[in-house]
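Letter by letter, the chains look like this.
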Amino acid sequence: MSEKSANGAVWFGARLAGSQAFADLFRDGMALVEETAAYLDGPGRQESKKLSRNGALAYATESMRLTTRLMQLASWLLLHRAVKEGEMSLAQANKEKTKVKLAAADTHDPHNLELLPETLHMLIERSQALQSKVRRLDNNIHNRVPEDHVPAMNPVERQLGLLKAAFETDEI
């Protein structure tokens with residue numbers, strides 16, 4: 001799963017999608033999707049019936065924002081799992097991810113959050129934290145350094161290059 005530049009450098013982002021950090025993020029993200037669905041279909045439905053008119057409107061609005069956010073995040077996670085599994089290249093995922101909206105933040109009335117049941121409020125906060133992690137990871141994976149920008153040689157890379165040359169191997 002290595003994506004290389006013209007000068008042969010392996011992009012950090014290509015390896016990131018296959019890392020344990022990504023596997024943990026995928027597991028946590030999909031668990032949050034399942035937990036949210038179970039809550040909204042069960043206890044959340046019961047809690048929403050007990051809310052005032054304004055609370056019910058806030059619940060409907062915020063639960064829709066929550067499910068939309070989680071579906072976009074799940075789409076992103078599934079795309080990058082496909083890269084990890086070798087089902088598509090990182091370049092293909094990059095094209096497909098344009099359909100996924102990882103907005104910086106939802107704009108909502110803070111007063112609405114005060115009207116919501118505590119569990120829904122916590123799910124919203126957790127989904128926003130997941131969104132922040134995914135946005136950072138997406139930035140690391142897909143925002144490559146331009147080809148004409150040559151970073152300064154890392155001394156460790158230089159030493160590894162010398163070792164490779166000395167032992168005439170690419171496996172260091």
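Rules used throughout
- Residues numbered from 1 in each chain as written.
- Predicted model: local features only at pLDDT ≥ 70, side-chain atom pairs only at ≥ 80, totals over all residues.
- Heavy atoms only, no water.
- Core = buried A, V, L, I, M, F, W, Y, C linked by side-chain atoms within 4.5 Å.
- Buried < 20%, exposed > 50% of the residue type's maximum accessible area, 1.4 Å probe, protein only.
- Helix = DSSP H or I, 4+ residues; strand = E, 2+ residues; numbered from the N terminus.
- Contact = heavy atoms within 4.5 Å.
- Polar contact = N/O pair within 3.5 Å; in protein donor to acceptor, adjacent residues only side chain to side chain.
- 1 Å grid on protein atoms, 1.4 Å probe; cavity = no way out; pocket = protein on both sides within 12 Å on 5 of 7 lines; lining within 4 Å.
- Points joined across faces, edges and corners; volume = space filled by probe spheres on them.
- Nonpolar A, V, L, I, M, F, W, Y, C, P; charged D, E, K, R; others polar.
- Salt bridge = Lys/Arg side-chain N within 4 Å of Asp/Glu carboxyl O.
- Axes fitted to C-alpha atoms, helices over the stretch in contact; angles between N-to-C directions.
- Parallel < 35°, antiparallel > 145°, perpendicular 65-115°, else oblique.
- Left-handed = near helix turned anticlockwise from the far one by under 90°.
- pLDDT = per-residue confidence, 0-100.

Draft legend 1. The nonpolar core, seen in detail. If you look at the biggest cluster of nonpolar residues, it comprises 31 residues, and the most contacted ones within it are Leu70, Trp76, Leu77, Leu116, Leu120, Leu130 and Val134. Within the residue set of this core, elements represented by two or more residues are helix 2 (20-41), helix 4 (53-84), helix 5 (90-96) and helix 7 (118-142). Ranked by residues supplied to this core, first place goes to helix 4 with 10 residues. Once residues lying within four places of it in the same chain are set aside, the contact partners of Leu70 are Leu32, Val33, Thr36, Ser127 and Leu130.

Draft legend 2. Just the side chain of Asp138, in detail. By secondary structure assignment, the location of Asp138 is in helix 7. There is a polar contact of 2.7 Å between the side chain of Asp138 and the side chain of Trp76.

Draft legend 3. View of the environment of Leu25. Structurally, Leu25 is set in helix 2. Of the residues examined, Leu25 reaches a relative accessible area of 11% and is grouped as buried. Residues Leu25 and Lys133, 108 residues apart in the sequence, show an inter-C-alpha distance of 8.3 Å. Those residues in contact with Leu25 that sit more than four places away from it in its chain are Leu77, Leu130, Lys133, Val134 and Leu137.

Draft legend 4. Quick look at the layout of surface pockets. Quantified by volume, the second largest pocket comes out at close to 180 Å³. Around the second largest pocket, the lining residues are Ala21, Asp24, Leu25, Asp28, Leu32, Arg126, Ala129, Leu130 and Lys133. At the level of elements, helix 2 and helix 7 are the ones that each hand at least two residues to the lining of the second largest pocket. Among the elements that line the lining of the second largest pocket, the one with the most residues is helix 2, at 5 residues. Taken together, the residues that form the lining of the second largest pocket break down as 5 nonpolar, no polar and 4 charged.

Draft legend 5. Region of the structure containing the pattern of salt bridges. A complete count under the given rule lists 5 salt bridges for this structure. In this structure, Asp28 engages Arg27 in a salt bridge whose closest nitrogen and oxygen atoms are separated by 3.1 Å. The closest approach of N and O atoms between Arg65 and Glu62, which form a salt bridge, is 2.9 Å. Remark: Glu62 and Arg65 occur in helix 4; sequence separation between them is 3 residues, near one turn of the helix.

Draft legend 6. Highlighting the packing of helix 2 against helix 7. Their axes nearest at 11 Å, the elements helix 2 and helix 7 cross at an angle of 155°. With respect to each other, helix 2 and helix 7 are oriented roughly antiparallel. Both helix 2 and helix 7 take part in a crossing whose hand is left-handed. Contact residues: Phe22, Leu25, Gly29, Leu32, Glu35, Thr36, Tyr39 and Leu40 in helix 2; Thr119, Leu120, Leu123, Arg126, Ser127, Leu130, Lys133, Val134 and Leu137 in helix 7.

Draft legend 7. Main features of the confidence of the model for the chain. Chain-level pLDDT for the chain is 79 on average; 71% of the residues reach the 70-or-more range. Highest mean pLDDT in the chain belongs to helix 3 (residues 43-49) (95); lowest belongs to helix 1 (residues 12-16) (57).

Draft legend 8. Spotlight on the environment of Ala37. Looking at where Ala37 falls in the secondary structure, it is placed in helix 2. Judged by relative accessible area, Ala37 falls into the partly exposed class, the value being 36%.

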